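# Descriptive analysis of the structure
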Amino acid sequence: MKIKIGIVGTNKISHKFCEAAIQNPQTELFAVYSRAQQTGESFAQKYNIKHVFTDYTDFLDSGLDAVYIASPNYIHCEQAIQAMESGKHVLCEKVMAINEQEAEAMIACAKKNHVILLEAMRSDFDPAFELVKEQLPRIGTLRRVEFEFCQYSSRYDNFLNGIVENAFNPELLNSAARDIGVYCIHAIVRLFGEPEKVETYSTFLSNGFEGSGVVLMKYPDFLAQAVYSKITASVNPSVIQGEKGSILLNHIGSPTEIEIRLRKGDRDGLEGGTCEKLPYKPVENNMIYEIQKFYELIKEENVEHPYLDISLNTIRIIDQIHKSDKIARKS
């Protein structure tokens, strides 16, 4: 079984997807949809894609089996539903939807048409997180989780000089929470489930765009914190703290090093204990894992897979961020 995939969008992440998909013998890059013919042809030539379309309906009718959607966030829902109504499986870039209502509509459409809908959250499928999950008992009772992803945007200098590009345009709904923070929030929900309570705090730019933020999530026995930004750069690892030690990940989106630090005795700090790097071999492009999972779900016809709940719960938390945004802006 080989699935024919159509690509929606020709941006940077679409290139990374194609580079990963080429490594998977069970997938074929079949078609590309772009608003501009020349852009689509240039993209297709690079990856030996035979078919280029500027009409979305014609694209869906071209004989493909599945669609990878990497268009702007605000149009994900519309394009995904049209594709699924046409009987196509959908792998949709994060964030899958801009709010809970859209996510629920997309999930309902997938179930109705018996097709796979999967959010392309690459860290979700990276073996690093299964390794972390396996190691959690070693650090004892969990007390605190701090996942951090702060990446200074290459477009921010232009913003500071009065040039507002798409990366900082609030109308495109690609806030720091949806663009960067989702990695932290999604990973927390994936590992620990839906929190009992959520509090959010955001920093806004002069045009109302959310540039950075913090999300506090309350679980029965511990607190989790997601720290994210498009206007600063991280210097800290992401950490899971237990009573017996901690697990550290150097990058929440694509970990390359995982470390476990255990206390030596009852009263000493981590400095006096053991430090162990876990046996993890990262790949250059961890999007290969989401493509493999997408293929497996299609093969299994597993329409109601558990990743849908993870995506929905994540989007509910992001919804709370943006409800708080509106309140903050009014005040």
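Relevant structure appears above.
We now turn to the structure provided with this report. (Residues numbered from 1 in each chain as written. Predicted model: local features only at pLDDT ≥ 70, side-chain atom pairs only at ≥ 80, totals over all residues. Heavy atoms only, no water.)

Where helix α4 (residues 76-85) meets helix α5 (residues 100-113), the axes come as close as 9 Å, and the angle between the chain directions of the two elements is 10 degrees. The pairing of α4 with α5 is recorded here as roughly parallel in orientation. Contact with α4, carried on its side by H76, C77, A80, I81, M84 and E85, involves E102, A105, M106, C109, A110, K112 and N113 of α5 and no other residues of that element. Taken together, the residues that form the contact of α4 with α5 break down as 8 nonpolar, 2 polar and 3 charged. (Axes fitted to C-alpha atoms, helices over the stretch in contact; angles between N-to-C directions. Helix = DSSP H or I, 4+ residues; strand = E, 2+ residues; numbered from the N terminus. Parallel < 35°, antiparallel > 145°, perpendicular 65-115°, else oblique. Contact = heavy atoms within 4.5 Å. Nonpolar A, V, L, I, M, F, W, Y, C, P; charged D, E, K, R; others polar.)

Moving on, we get to the nonpolar core. As a rule of thumb, nonpolar side chains are buried together in soluble globular proteins. Within the largest apolar cluster, 74 residues are counted, with the highest numbers of intra-cluster contacts made by F17, F192 and I240. Look past the residues within four positions of I240 in its chain and what remains in contact with it is V132, L136, I139, L142, R144, V145, F147, L191, F192, G245, S246 and I247. Counting residues in hydrophobic clusters, the runner-up holds 29 residues, among them V8, L64, C77 and M84. (Core = buried A, V, L, I, M, F, W, Y, C linked by side-chain atoms within 4.5 Å. Buried < 20%, exposed > 50% of the residue type's maximum accessible area, 1.4 Å probe, protein only.)

Once that is clear, we can look at the sheet that holds strand β1 (residues 3-8). Think of a sheet as strands paired side by side through backbone hydrogen bonds, with each pair either parallel or antiparallel. Pairing is parallel across the open sheet formed by 6 strands, whose spatial order is β3-β2-β1-β4-β5-β6. Strands with a single pairing partner mark the edges of an open sheet, and in this sheet they are β3 (51-53) and β6 (117-120). Here the strands of the sheet are splayed against their neighbours by 25 degrees on average, with no regard to which way each runs. In this sheet, strand β2 (residues 27-33) lies alongside β1 in parallel orientation, the contact comprising 6 bridges. Across the sheet, residue I5 finds its bridge partner in β2, namely L29. Against the sheet, helix α2 (residues 37-46) engages β1, β2 and β3, with an angle of about 155 degrees to β3. (Pairing = 2+ DSSP bridges.)

Okay, the packing of aromatic side chains next. For the structure shown, the criterion picks out 16 aromatic pairs. Each ring, one from F192 and one from F222, has its centre 5.2 Å from the other, and the planes form 70 degrees; the classification is edge-to-face. Of this pair, F192 sits in helix α8 (residues 176-192) while F222 is found in the loop between β9 (210-218) and β10 (223-229), placing the two residues 30 residues apart along the sequence. Residue class for F192 comes out buried when judged on its relative accessible area of 16%. Here the aromatic cluster, defined as three or more aromatic residues joined through ring pairs, consists of Y152, Y156, F159, F168 and F209. Here K230 stacks its cationic end above the ring of F168, 5.2 Å away from the centre of that ring. (Phe/Tyr/Trp six-rings, centres within 6.5 Å; stacked < 30°, edge-to-face > 60°. Lys NZ or Arg CZ within 6 Å of the ring centre and 35° of its normal.)

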